[in-house]
Amino acid sequence: MCNSQAIKKYYQETWENIKKNRFSYTTSWQLSQRLTELADEIVIKTCQSAGETDGIAVLALGGYAREQMAPFSDIDILILHKGRMNKNYERFISEFTTFMWDIGVNPGIQVKELKEVAKAALEDEVVRTSFIDNRFIFGSRKEYEAFLKIINEKVMEKGKHEFLLMKIDGVRNRNSKFRDSIFRLQPNIKEGNGGMRDINTIYWICKILYKTKSLHETVKHNILTNSEYEKLIENAEFMFRVRNELHYYHNRKYDVMSLEAQMEIAKNLGYTATSSVQSVEIFMRDYYIMAKSTSEITQKVINRTLAELSHKWFQKKVFSLRLSDGFVQYANTLTVESKNIFDENPRKLISVFTYAANKGLKLADSTIDLIKEKTYLIDSEFTQKYGSVFLKAIASFPESSRIVSNMAKCGVLQAIIPEFEYIICRAQFDYYHHYTVDEHTYLALSYLDKLTGTLPPHLERYQEAFNRLKRKDLLALALLLHDIGKGQGKNHSIVGAQMARSICKFLGMGLEDTDTVCSMVEHHLLMSHIAQRRDLHSIDVINHFISYVNNQQELDILFLLTYADMNAVGGASFNEWKNSLLKELHEKAEQALNNEDLVKEYNAVVKLRREKLEERCKLTPEIYEASKTLDEEFIYGNKVGQIISYLSMALKINESNRIIVEVDTREELDTMQILVCTYDHVGLLRKICGALASLGYNIKWAQIYTMNNDITIDNILVDNPFAGSKIPDSKKELLINRIIDTINGATDIEKLLERSSNSILAQPKLMSKKEKITFDNEVSSQYTVIDIYAQDRLGLLYSILGVFNRMGVSVDKAKISTDVDRVVDSFYLTDAEGRKLTDSAILEDIKKELFKEIESRSV
């Protein structure tokens, strides 16, 4: 037997040389061809070393047979033998298999006797598919010819149409599983829509129906136009090149394009950044555009193939019905009576979408092609004339998302709003946004669509606001345009508002409506910012917020836009905590709009709660006496029952009982509440946050209240890691003891955090977004509010609070918001005397120290 180590060395050196010189290949096909040639060499050498091959044929299967090898593709092989298994066959198979594994390739080996081929293929779809793609490598050509005869006569012909339908159904099932995978943050290049499987499906259709390996056969049979075929080949070339780089990056077979891989692939493929767009975003936009195109072409091939099968082989009569306005229902699709329908009435370039949606019909491929062909009819005169029709169409809830996405698919949306072209397939390279900008927009509209149906109680406030909104067209347009400024400069909200003003003008909208839409676009992040980062019990905050809205309608539009936008980000971004904050802000802003005297309302709430405290504390006069020392802000910000609970804790604090910790589950917020009552001292909140971080708890909100006797109550909410259940007793005991030990100095929290950092894997630091620190001295008359934007890491809050301690700054409240890999921490600060921080030199010093701390400990 030939030396396996010599072959292994040859294989590895040649493989590495191919990798090193991969950019010298003009196309990805050439690289795949070279990898296939190397695999052939190794298989042949192995066969030659494995012994006698009389009666044996060794065949390539799958992608290896198609010569579509990627760097770490499996080498799928069929060892075919004539007659029953004998010792010679067994010896060959054993030595061949051992040899292949010793070399270090990835063999996928099947062994079949000729008589087993037909039965195995007909019983198993996967086996049948693998046998369809075959190529002779070594051994007996006679056995290979016999194999081909069986495949062509007994496998390909028997039930081929049913098998083809099964393959098409597989595509649909995969599309359902990977429904939005084209535009996902980290797409699956093989299984996702528009990926390698879609290209292979077209190949299989050609192989089964037309008995050819050539995709060009689709043109000959009028399945694809020549331009569609050329586009498919261009897309496939790009996909194969990306797949090759993906394999090289991971150093293994792996089909999901992680953010880390995207950066490296963009670099290797020669993408360069612009002043406003990262190179990786440009690369991913190309990927999304080509995947989208491939998916659409594949769907056309499937639709036209099914139509041919139904008509020619199954002889099914397709249901057809003439509808009104020149439209025709053909099966479950909408088509047209005349190709001149849009020339005769251009308005139907808009109404066709609402008509199809209202009838529950898909647009036929021929209708889509015709619409695309006629978009030249949409000019400035068209837009002015039919602007109101367009606004009515995009506000056709509950079909808005479907209508708008179909408009974009046909090019009508871009013809009416050319600026929308800039955000088509535009990638957002961060862990927070799960979709491209355009897909995010369609998804956001779908959340508004759902408000027309039956919803759970916690969403009723959104539905009420939606139902009373008279101008839903302004909401729909504001949502459609809210991210229109992305990729155009630093502040996409301001840029987007400027673009929106021009768009509204072209749509023939009045000045008041234009102002409303532009204001919503410019401030579409305001409500989530205020809700998540500001004290909603502060009159100053509510007054500051409502200064941006003129009336109830604008408040409701902004509320609903924010709700849809936050949901459409993807993942678990919009949780019950954010939901409760958003609804609370809307409720208080609504009250403020309807009652100009907020101070009077504030005083009334405080007065009523003090009266209730007196009434409920008749049997506990000590609690009532303690409540008299509480300031109005604390009374206003807490319910009576909470106040009594807090004061009960505070009254138990003494020299022999210095620290009380209580832990409870807040099911309505998906959080755990941690109350810590003790004597106040410098760095107390920092210690508590350090203790929580060392156990991996994610802090969402913290409020500190110090009473006149220097007893402090720290109220902290953290994510509930126990899936909505109560914290197990053992975990609860550990948590309480960790907090107490940390406050007492019995635990070295620095060492614990360092140890936890090594055991808890954080997301890699990929983003080029810089840390940002801003001060706000306008939103509150009592506090300076600081917002810190930084890469998330374990113990970040602990580090930030350490800076405040060193700088002699007091933290009275904190709101913590985490967007997957990035945090926005907001703190309400005062100086040692309890005053706002207004000295610009002091603020600059705080900022410098914070930057130094954040950057020195960055991952």
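Here is a short report on the structure shown in this document.

Rules behind the numbers
- Residues numbered from 1 in each chain as written.
- Predicted model: local features only at pLDDT ≥ 70, side-chain atom pairs only at ≥ 80, totals over all residues.
- Heavy atoms only, no water.
- Helix = DSSP H or I, 4+ residues; strand = E, 2+ residues; numbered from the N terminus.
- Buried < 20%, exposed > 50% of the residue type's maximum accessible area, 1.4 Å probe, protein only.
- Contact = heavy atoms within 4.5 Å.
- Areas by Shrake-Rupley, 256 points an atom, 1.4 Å probe, with all protein chains shown as cover.
- Lys, Arg positive; Asp, Glu negative; His and termini not counted.
- Charge placed at Lys NZ, Arg CZ, Asp CG, Glu CD.
- Expected span 1.5 Å × (residues − 1).
- Polar contact = N/O pair within 3.5 Å; in protein donor to acceptor, adjacent residues only side chain to side chain.
- Pairing = 2+ DSSP bridges.
- Axes fitted to C-alpha atoms, helices over the stretch in contact; angles between N-to-C directions.
- Parallel < 35°, antiparallel > 145°, perpendicular 65-115°, else oblique.
- Nonpolar A, V, L, I, M, F, W, Y, C, P; charged D, E, K, R; others polar.
- Left-handed = near helix turned anticlockwise from the far one by under 90°.
- Salt bridge = Lys/Arg side-chain N within 4 Å of Asp/Glu carboxyl O.

Before going further, it helps to examine the overall build of the protein chain. Looking only at helices and strands, the protein chain features 37 helices and 16 strands. Along the longest, intermediate and shortest principal axes, the C-alpha atoms of the protein chain span 100 × 75 × 50 Å. By the burial criterion, 56% of the 859 residues in the protein chain qualify as buried. Restricting to contacts in the protein chain with at least 6 residues of sequence separation, those with at least 24 account for 71%. Accessible area for the protein chain stands at about 38400 Å²; split by element, carbon and sulfur atoms hold 48% of it. One way to put it: in the protein chain the 112 positive side-chain charges average out to a point 6 Å from where the 118 negative ones average out.

Compared with an ideal rise of 1.5 Å per residue, which puts 15 residues at 21 Å, helix H23 (residues 492–506) spans 21 Å between its outermost C-alpha atoms and is within 8% of the ideal. Taken as a whole, H23 has its buried residues at His492, Ser493, Val495, Gly496, Ala497, Met499, Ala500, Ile503 and Cys504. In this structure, the buried residues of H23 make contact with helix H22 (472–481) and helix H24 (511–522). Here H23 starts with a cap whose side-chain oxygen sits 3.1 Å from the backbone nitrogen of Ser493, and that cap is Asn491. Two residues or fewer after H23 comes Gly508, characterised by a positive phi angle close to 75 degrees.

The next thing to look at is the sheet that holds strand E8 (residues 362–363). The strand order across the open sheet built from four strands is E5-E6-E7-E8, with neighbouring strands paired in mixed fashion. One side of each edge strand has no neighbouring strand; the edge strands of this open sheet are strand E5 (320–322) and E8. In the sheet, E5 pairs with strand E6 (residues 327–330) via three bridges, with the strands oriented antiparallel. Bridge pairing links Leu321 to Gln329 in E6. Across the sheet, helix H16 (residues 365–374) lies against strand E7 (333–336) and E8, angled at about 50 degrees from E7, the strand it touches most.

Turning our eyes to something else, we now look at the pairing of strand E12 (residues 711–719). Taking burial as the measure, the nine residues of E12 include eight buried ones, the bulk of the element. In terms of strand pairing, strand E10 (residues 671–679) meets E12 through nine bridges, oriented antiparallel. Bridge assignment links Val676 to a residue of E12, and that residue is Asp714. Two elements, strand E11 (residues 699–706) and E12, share seven bridges in a ladder whose sense is antiparallel. When the bridges of E12 are listed, Gln703 appears paired with Asn715.

Of all nine residues in E10, eight are buried; the element is thus mostly enclosed. Bridging between strand E9 (residues 659–666) and E10 involves eight bridges; their strand directions are antiparallel. Paired with Arg666 across the strands is Thr671, a residue of E10. The antiparallel hairpin formed by E9 and E10 contains four residues in its connecting segment, where Asp670 sits at a positive phi of about 55 degrees.

Locating Phe382 in the fold gives a position in helix H17 (residues 380–394). Along the sequence, Phe382 and His216 sit 166 residues apart, while their C-alpha atoms lie 39 Å from each other. When residues no more than four places from it in sequence are discounted, the contact partners of Phe382 are Pro346, Arg347, Leu349, Ile350, Leu377, Gly387 and Ile416.

This paragraph deals with the packing of H17 against H22. Helix packing geometry: the angle between the two helix axes and the distance between the axes. Put simply, H17 and H22 touch, their axes get as near as 8 Å, and they point 85 degrees apart. By the angle between their axes, H17 is roughly perpendicular relative to H22. Residue-level contacts link Phe390, Leu391 and Ile394 of H17 to Asp473, Ala476, Leu477 and Leu480 of H22. Among the residues making up the contact of H17 with H22, the classes are represented as six nonpolar, no polar and one charged.

In this section: the packing of helix H33 (residues 684–694) against helix H36 (residues 796–806). Orientation of H33 relative to H36, taken along the N-to-C sense of each, is 165 degrees, at an axis distance of 9 Å. Comparing the axis directions of H33 and H36 gives the class roughly antiparallel. Considering only the axes of H33 and H36, their crossing is left-handed. Residues Leu685, Arg686, Cys689 and Gly690 of H33 lie in contact with H36, whose contacting residues are Leu797, Tyr798, Leu801, Gly802 and Asn805. In the contact of H33 with H36, the residues fall into five nonpolar, three polar and one charged.

Counting across every chain of the model gives 40 salt bridges. In this structure, the salt-bridge partner of Lys374 is Asp343, at a minimum N-O distance of 2.9 Å. In this pair, Lys374 sits in helix H16 while Asp343 sits in helix H14 (residues 341–344), placing the two residues 31 residues apart along the sequence. A relative accessible area of 32% means that Asp343 is categorised as partly exposed. In this structure, Arg468 engages Glu590 in a salt bridge whose closest nitrogen and oxygen atoms are separated by 2.7 Å. Remark: Glu590 occurs in helix H28 (residues 576–594) and Arg468 occurs in helix H21 (residues 460–468); sequence separation between them is 122 residues. Of the residues examined, Glu590 reaches a relative accessible area of 17% and is grouped as buried. The structure contains a network of salt bridges with shared partners spanning Glu228, Lys300, Arg304 and Asp369.

Take the sheet that holds strand E2 (residues 75–81) next. Read from one edge to the other, the open sheet built from four strands follows the order E3-E2-E1-E4, with strand pairing classed as mixed. For this open sheet the edge positions go to strand E3 (107–113) and strand E4 (134–139), each flanked by a neighbour on one side alone. Across the sheet, the axes of successive neighbouring strands diverge by a mean angle of 25 degrees, strand direction being ignored. Pairing of strand E1 (residues 56–61) with E4, which is carried by five bridges, proceeds in the antiparallel orientation. Bridge pairing in E4 links Leu61 to Asn134. Packing against the sheet, helix H4 (residues 87–103) makes contact with E1, E2 and E3, and its axis sits at approximately 170 degrees to E2. Docked against the sheet, helix H7 (residues 141–156) engages E1, E2 and E4, running at close to 160 degrees with respect to E4.

Remember that the coordinates give geometry; whether it matters functionally is a separate question.
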